[in-house]
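# Breakdown of the fold
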Amino acid sequence: MTTLVELRAPRWHVYAACRNADREVGWIDAEPGSKAAADCKAICLLCPVRLTCAITALTEDESYGVWGGMDEVDREALRRADAQIAA
Ligand code: SF4
C-alpha cells in the first residue's frame, strides 16, 4: 500500500540511505560539529542519492540538519565559496 508520505516525497527519497536509518539519529536537529551530525554524515557517505540530496538542500535553502553529507555550517561555507568564485 502506498502511503500519503510516499506520494508526496520526491522519488529520490526512495533510495535514501537514511530512509531506514536509526530514528534516534537527529537528521534535522543535529548540531553542526556534534556526534549526531557526524553519525548522519557517515550514513550520507554511503548514500546513492547524496548529490541529489545536497543539491536539493542548497537550492531550497535548507537551514537545518544534515543533507547530502553537509550540515548547515558546511552548506553556508559552500555558498560563501561559490559567491566568491562568482564575484
Ligand atoms: S545524503 Fe544523507 S540526508 Fe541525504 S538522503 Fe542520503 S542519507 Fe539521507
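Attention in this report is confined to the structure presented alongside it. (Residues numbered from 1 in each chain as written. Predicted model: local features only at pLDDT ≥ 70, side-chain atom pairs only at ≥ 80, totals over all residues.)

If you tally the helices and strands in the protein chain, you get four helices and zero strands. When the elements of the protein chain are put in sequence order from the N terminus, they spell out α-α-α-α. In the protein chain, which comprises 87 residues, the share counted as buried stands at 16%. Of the contacts formed within the protein chain by residues at least 6 apart in sequence, a portion of 49% connects residues at least 24 apart. (Helix = DSSP H or I, 4+ residues; strand = E, 2+ residues; numbered from the N terminus. Buried ≥ 20, exposed ≤ 12 C-beta atoms within 10 Å, placed from the backbone. Contact = placed C-beta atoms within 7 Å.)

Around the ligand, the structure places 13 residues, and the nearest of them are Ala-16, Cys-18, Cys-44, Cys-47 and Cys-53. Going through the elements one at a time, α2 (35–44) and α3 (50–59) are the ones with two or more residues in the shell around the ligand. Of the residues belonging to the shell around the ligand, the class tally is ten nonpolar, two polar and one charged. (Near = placed C-beta within 6 Å. Nonpolar A, V, L, I, M, F, W, Y, C, P; charged D, E, K, R; others polar.)

All right, on to helix α4 (residues 72–86) then. The first and last C-alpha atoms of α4 sit 21 Å apart over 15 residues, in line with the 21 Å expected at 1.5 Å per residue. The buried count for α4 comes to one of 15 residues, which makes it a mostly uncovered element. (Expected span 1.5 Å × (residues − 1).)

Moving on, we come to unusual backbone geometry. One non-glycine residue, Asp-61, lies in positive phi territory at about 55 degrees. Its place among the elements puts Asp-61 in the loop between α3 and α4. Using a count of 8 C-beta atoms within 10 Å as the deciding quantity, one classes Asp-61 as exposed.

Along the polypeptide, Met-70 turns up in the loop between α3 and α4. According to the C-beta neighbour criterion, Met-70 is buried, with 24 such atoms within 10 Å. As a C-alpha pair, Met-70 and Lys-41 span 29 residues in sequence and 6.9 Å in three-dimensional space. Excluding its chain neighbours within four sequence positions, the residues that come into contact with Met-70 are Ala-54 and Arg-75.

As a further point, take the nonpolar core. Judged by nonpolar contacts, Ala-30, Ala-37, Cys-40, Cys-44, Val-49, Cys-53, Ala-54, Ala-57, Val-66, Trp-67 and Met-70 together constitute the single largest core of eleven residues. Elements with a minimum of two residues in this core: α2 and α3. (Core = buried A, V, L, I, M, F, W, Y, C linked by C-beta atoms within 7 Å.)

Any functional reading would require information beyond the geometric quantities listed.
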